[in-house]
Amino acid sequence: MLNLSSLSQSCVKCAKCVPSCTIYQINRDEVTSPRGFVDLLGVYDKKNINLDRNLKNIFESCFLCTTCTTICPQKIDTAAMIQKSRIDIAQKYGIAWYKKVYFYLLKHRKIMDFVFSLTSFVAPCVFKKNDDRLRSRFSISSFGKRSIFPFQKKSFLQTYKGLIESKHKDSIGQDSKNLDSRIENLIDTPHSNCNKLISKSALLFPPLTNSSYKKPHFISFRLIKDAKPYEKNSKTILRNKKVAIFIGCLSNYNYTQVGESLLFILDKLGIDVLIPKQECCGAPAYFTGDIKSVIFLIKKNIELFESFFDEIDAMIIPEATCAAMIMVDWKHSLSYCEDSKHWIKRLEALLPKIHMATEYLYNQTNLLEILKTYNKKDIKITYHDPCHAKKVLNIAKEPRAFIEANYNLLEMKECDRCCGFGGVSIQSEKYHLAYNAGIPKAKNILDSGASIVSAECSACRMQLNNALDNQQANIVFKHPLELVRESLRC
Ligand code: SF4
Ligand code: SF4
């Protein structure tokens, strides 16, 4: 468990963390800056200051974006320290009724399924649908109208269950359109025997005409199996792989196209998919300090994962926040339970197989090589680095590589600046902070000249959509996996 006093003492007051802090950039006040938080947390831990409403308000204004942690020369994890104070806040002041309801639903998936389904019928009365967002019909705060996530009649996990076998296990995930370029690529490889064989194979196929593109057919992997054309470059053999998907609540209930894109890509790669029973990762409750709910969800998930982990090669997560929660913050959270050692040991046995989706696809499959055989489109895309992907898990080049393969990638200014989502409390009780954090981000996206913004995180998606709508910017959001799917469909 974190020792706030000793962490606070290790701060050398260099202020390197201050200028890029999300809340400092809004308030311009040392009190709500990482250096200020660290100082106050040390004083609070020594019981020299009461956790009164003023201090509660200060600690609740941190976005938990972890920007400061990546900059601090002392490696002080201010976000984790603030997180600890949130547990104390929840214990002293309780949790707002609507958050209690929300966390109750997170722990009871069947009821949540029903509530979200019901909401999908009611939502059009209050919100107007525009692409992947719902814009309120009326001003619902002093900041005017607001965009939120859409609601689906049926969640991803209600639609897809159990084992989904790839239809392309004996293919290389290629359609006939790219046969020519693919063969060219293969001939460029230094395997001379392989070249002969491939040249022969190429003769077996008649020249492709436009009409032959209409019906995609799949090249048999067996035909050129002996040449093993992909073995030199690919990091793994795709056939017979089986991965599980951990979908995350926003992709499950709101942005179901993310999971569907992942299913499409894995199918193309010849990888079998297991959609297991799973619970929320607990991130919303974690950021709010409801540690009981978090531990309940972690333990339930660990038990569920253990029941199928021997059968799979990996479990992949297309959501930065859920991935960081499971891969990093579950361990923090478990340190608060009585039998922490036992549960941390069980968690550590699972972690080697858990990956964020683009990281897995980049390092463990030849998806990038396949994408490079497809045409590049003249569509301008800019990529926003979700804090939980880049700052917590160090994942940034992977989604960019997939986008760059088939699109025109334009980097925005401050691509890793926090979007300002901040979690349930910031979105509900301190919306003015989320609103203000979103303004410079939306401007940077607009200035990039892109027509699409992408990020591997649905929380960023909701925040960016709202920020862009507030700036009347006509820019569409697409998850990198949606972009990959669209590339593979061409
Ligand atoms: S986690 Fe983000 S908002 Fe909080 S102190 Fe650090 S940089 Fe500032
Ligand atoms: S960067 Fe680290 S050491 Fe420097 S002031 Fe911030 S928290 Fe303290």
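The model shown is predicted, which means the values in this text are computed figures rather than measured ones.

**Notes on helix 25 (residues 480-489)**
- Among the ten residues of helix 25, eight are classified as buried, and the element is accordingly described as predominantly covered.
- Those residues of helix 25 that sit buried are Pro480, Leu481, Glu482, Leu483, Val484, Arg485, Ser487 and Leu488.
- Contacts made by the buried residues of helix 25 are with helix 13 (256-268), helix 18 (357-364), helix 19 (367-372), strand 11 (380-383), helix 21 (397-406) and strand 13 (452-454).

**Notes on the site of ligand 2**
- The full set close to ligand 2 counts 15 residues, and Cys11, Cys14, Cys17, Arg35 and Cys72 are the nearest of them.
- Tallying contributions element by element places helix 3 (residues 34-45) first for the shell around ligand 2, with three residues.

**Re the sheet that holds strand 14 (residues 476-477)**
- Spatially, 12-11-13-14 is the arrangement adopted by the four strands of the open sheet, whose pairing is parallel. Two strands lie at the open edges of the sheet, namely strand 12 (408-409) and strand 14, each paired on one side alone.
- Contacting strand 11, strand 12 and strand 13, helix 21 runs over the sheet at an angle of about 180° to strand 11.

**With respect to the packing of helix 3 against helix 6 (residues 78-93)**
- As a packed pair, helix 3 and helix 6 sit with axes 10 Å apart at the nearest point and diverge in direction by 45°. In this view, helix 3 runs oblique relative to helix 6, as classed from their interaxial angle. Where helix 3 crosses over helix 6, the two elements pack in a sense that is left-handed. Within the contact between the two elements, helix 3 uses Pro34, Phe37, Val38, Leu41 and Tyr44 and helix 6 uses Thr78, Met81, Ile82 and Ser85.

**Quick word on unusual backbone geometry**
- Even without being glycine, Lys75 reaches a positive phi, approximately 55°.
- In this fold, Lys75 is placed in the loop between helix 5 (67-71) and helix 6.
- Despite not being glycine, Glu414 has its phi angle at roughly 50°, a positive value.
- The residue Glu414 is located in the loop between strand 12 and helix 22 (424-429) in this model.
- Residue class for Glu414 comes out partly exposed when judged on the 14 C-beta atoms lying within 10 Å of it.

**Quick word on the site of ligand 1**
- Within the structure, ligand 1 sits among 14 residues, and Cys21, Cys62, Cys65, Thr67 and Cys68 are positioned closest to it.
- Secondary-structure elements contributing two or more residues to the shell around ligand 1 are helix 2 (22-27), helix 3, helix 5 and helix 6.

**Looking at the packing of helix 15 (residues 291-306) against helix 17 (residues 340-350)**
- For the pair helix 15 and helix 17, the least separation of the axes is 10 Å and the interaxial angle reads 45°. Between helix 15 and helix 17, the crossing angle belongs to the class labelled oblique. When you trace helix 15 past helix 17, the crossing you get is left-handed. Note on element contacts: helix 17 touches helix 15 through Trp343, Arg346, Leu347 and Leu350, opposite Lys299, Ile302 and Phe305.
- Along the lines of polarity and charge, the residues of the contact of helix 15 with helix 17 split into five nonpolar, no polar and two charged.

**A closer look at helix 3**
- With twelve residues, helix 3 ought to run about 16 Å at 1.5 Å a step, and its terminal C-alpha atoms sit 16 Å apart, in line with that.
- With nine of its twelve residues buried, helix 3 lies for the most part within the structure.
- Along helix 3, the positions that sit buried rather than exposed are Pro34, Arg35, Phe37, Val38, Leu40, Leu41, Gly42, Tyr44 and Asp45.
- Where helix 3 is buried, its residues contact helix 1 (4-9), helix 4 (53-59), helix 5 and helix 6.
- Where helix 3 terminates, the next one or two residues include Lys47, which has phi positive at roughly 65°.

**Focus: the pairing of strand 8 (residues 272-275)**
- As paired elements, strand 4 (residues 162-164) and strand 8 share three bridges and run antiparallel to each other. What sits directly across from Gly162, in strand 8, is Ile275.

What counts and how
- Residues numbered from 1 in each chain as written.
- Chains lettered and ligands numbered in written order.
- Predicted model: local features only at pLDDT ≥ 70, side-chain atom pairs only at ≥ 80, totals over all residues.
- Buried ≥ 20, exposed ≤ 12 C-beta atoms within 10 Å, placed from the backbone.
- Helix = DSSP H or I, 4+ residues; strand = E, 2+ residues; numbered from the N terminus.
- Contact = placed C-beta atoms within 7 Å.
- Near = placed C-beta within 6 Å.
- Pairing = 2+ DSSP bridges.
- Axes fitted to C-alpha atoms, helices over the stretch in contact; angles between N-to-C directions.
- Parallel < 35°, antiparallel > 145°, perpendicular 65-115°, else oblique.
- Left-handed = near helix turned anticlockwise from the far one by under 90°.
- Nonpolar A, V, L, I, M, F, W, Y, C, P; charged D, E, K, R; others polar.
- Expected span 1.5 Å × (residues − 1).

Read these as spatial facts, not as claims about activity.
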